[in-house]
Amino acid sequence: MENSGVTSGHVDVWEREHAARLMEAQRRQQDGVLSHAQLTAGGVTRADLIRMQRRKEIVRVHPRVYVDHTGPLTWHQRAWSAVLYAGPAYLCGPSVEAPRTERPLQPGMLPDPIHVAIDQSRRVMPQPGIVIHRLTNLETHAHGGVPPRLKLEDNALAMAHDARSEVDAIASLADVAARTHVTAGSLRGALSRFPSLRRRAWIAKIIDDLESGTNSVLEHGYLTKVERVHGLPRSERQTVRAMPKGSQFRDVEYVAYGLVVELDGALGHDTWRDQARDADRVLDDLAATGTVTARLRWHQVFETPCRTAQSIARVLASRGWTDSTRACGDACLIPRQP
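The rules behind each value
- Residues numbered from 1 in each chain as written.
- Predicted model: local features only at pLDDT ≥ 70, side-chain atom pairs only at ≥ 80, totals over all residues.
- Heavy atoms only, no water.
- Helix = DSSP H or I, 4+ residues; strand = E, 2+ residues; numbered from the N terminus.
- Buried < 20%, exposed > 50% of the residue type's maximum accessible area, 1.4 Å probe, protein only.
- Pairing = 2+ DSSP bridges.
- Axes fitted to C-alpha atoms, helices over the stretch in contact; angles between N-to-C directions.
- Core = buried A, V, L, I, M, F, W, Y, C linked by side-chain atoms within 4.5 Å.
- Phe/Tyr/Trp six-rings, centres within 6.5 Å; stacked < 30°, edge-to-face > 60°.
- Expected span 1.5 Å × (residues − 1).
- Arc of directions from axis to C-beta.
- Contact = heavy atoms within 4.5 Å.
- Salt bridge = Lys/Arg side-chain N within 4 Å of Asp/Glu carboxyl O.
- Polar contact = N/O pair within 3.5 Å; in protein donor to acceptor, adjacent residues only side chain to side chain.

J.: Report on unusual backbone geometry, specifying residues and quantitative values.
T.: Excluding glycine, most residues fall at negative phi; most peptide bonds, likewise, are trans. For the bond running from Gly87 to Pro88, omega is 0°, close enough to zero to count as cis. Positionally, Pro88 belongs in the loop between α4 (75-86) and β4 (90-91). Of note, the phi angle at Asp31 is positive, near 55°, even though the residue is not glycine. With a phi close to 70°, Arg64 is a non-glycine residue in the positive phi region. As for its placement among the helices and strands, Arg64 is situated in the loop between β2 (59-62) and β3 (65-67). Since its relative accessible area comes to 52%, Arg64 is described here as exposed.

J.: Tell me about the sheet that holds β3, and name the residues and values.
T.: Pairing is antiparallel in the open sheet, where three strands are placed in the order β1-β3-β2. Of all the strands in the sheet, the pair left with one neighbour each is β1 (33-35) and β2. Pairs of neighbouring strands in the sheet enclose a mean axial angle of 35°, with direction left out of account. Alignment of β1 against β3, held across three bridges, turns out to be antiparallel. Note on β3: the bridge partner recorded for Val33 is Val67.

J.: Summarise the nonpolar core; cite the residues concerned and give the values.
T.: In terms of nonpolar packing, the biggest core is built from 56 residues, with Tyr222 and Leu232 touching the most fellow members. Among the elements that line this core, the one with the most residues is helix α7 (residues 166-177), at six residues. Judged by nonpolar contacts, the second largest core, of 17 residues, contains Ala79, Trp80, Tyr85 and Ile130.

J.: Tell me about the packing of aromatic side chains, residues and numbers included.
T.: Considering all chains together, one arrives at two aromatic pairs under this definition. Consider the rings of Trp202 and Phe302, whose centres lie 5.6 Å apart with planes at 70°: the pair is edge-to-face. One end of the pair, Trp202, is in helix α9 (residues 200-212); the other, Phe302, is in helix α12 (residues 298-303), with 100 residues separating them in the sequence. Taken together, the ring pairs in this structure connect Trp202, Trp298 and Phe302 into an aromatic cluster.

J.: Any chance you could break down α9 for me, citing the residues and the numbers?
T.: Taking 1.5 Å as the rise per residue, α9 with 13 residues should run 18 Å; its terminal C-alpha atoms sit 18 Å apart, in good agreement. Listing the buried residues of α9 in full gives Trp202, Ile203, Ile206, Ile207 and Asp209. Projected onto a plane normal to the axis of α9, the buried residues spread over an arc of 155° and lie on a single side. Residues of α9 that are exposed and point more than 90 degrees away from the buried face comprise Ala201, Lys205 and Glu211. On its buried face, α9 is in contact with α6 (152-162), α7, α8 (184-192), α10 (216-227) and α12.

J.: Go over the pattern of salt bridges, please, and point to the residues and values.
T.: Any two side chains of opposite charge can pair, so long as their charged atoms come close to each other. Counting across every chain of the model gives twelve salt bridges. Between Arg188 and Asp208 there is a salt bridge, and its shortest N-O distance comes to 3.0 Å. A residue pair is termed long-range when its members are at least 10 positions apart, and Arg188 in helix α8 and Asp208 in helix α9 qualify at 20 residues. Classification of Arg188 by relative accessible area gives partly exposed; the value is 30%. With a relative accessible area of 38%, Asp208 lands in the partly exposed category. Among the ionic contacts, a cluster of salt bridges with common partners joins Glu24, Arg27, Arg28 and Asp68.

J.: Could you give me a rundown of the side chain of Thr325, with the residues and numbers involved?
T.: If you trace the backbone, Thr325 turns up in the segment after α13 (305-318). Here Thr325 falls in the buried class, since its relative accessible area comes to 12%.

J.: Break down the side chain of His115 for me, citing the residues and quoting the values.
T.: Position of His115 among the secondary structure elements: in strand β5 (residues 114-119). By relative accessible area, His115 is classed as buried at 16%. Reaching out from His115, the side chain makes a polar contact with the side chain of His133 at a distance of 2.8 Å. Those residues in contact with His115, other than ones at most four positions away along the chain, are Tyr90, Leu91, Cys92, Pro94, Ser95, Val131 and His133.

Pasting the structure below:
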């Protein structure tokens, strides 16, 4: 029995030391931030916690979350504090990645809030400096990381879901599509995890365009939001132009007026070589036929279609078009005809 007691005592000491070492490892990994549960598991008693706070060895950041210094918090410390407070939680939205540079705050300025995602079924009390988002089946969207965060593709689609406009939705996809390890396949995989995504079918077509290298979504947007509704002349689409280096396609062409509209729907991976090739095409058209080219992006088609139609109409008029445009609605920039 005596030997058993000695052995038990050694085990207790070893367990306490192991718990303390684990807590220290967590503190280092989490940039000096610890939760109440981690402190307790590490052997810190309520009396210890009160004493440590009185001595300023730890400082409360959020309820049941502490940091080991009294100075301003870094971005990573604020991120860890938010994740530990709302846990299980994952960084999301604009907080899914740390800022490239962290500038000191000027007096009176508040840092940007940390965005975290929790499961839809949970409720967490709001805290200053934390923005809570809720996702169904949260764990299927989660990535590891330090601190833990959503997968980049899933985060982009979650931001597209919350986007106020189509252009904002496109912007969330464009940011992630520029990453070398993100592909149309990985975006499509993320899409399968969002069965109730807003604009889901539309976003699926954009992913198809990304994979095939086409601009069908942008072309349809130009046709319906710019050309038809504003009374521009009917254009030809995907016209073939024989050039010295082979046949080339033009997205939209007003043949009678010598105007080509190229729709640039690139979401990522475009380089200076792509831009050089586009510039060559514009120059070739001008040299061969006198055709001018207008290059449009998502913003011109989906965000400012009325302004775009007005500008295209002016180019057409300068090249012989004699008809007039029409307003698409009460808020249109183009005046209504009497």
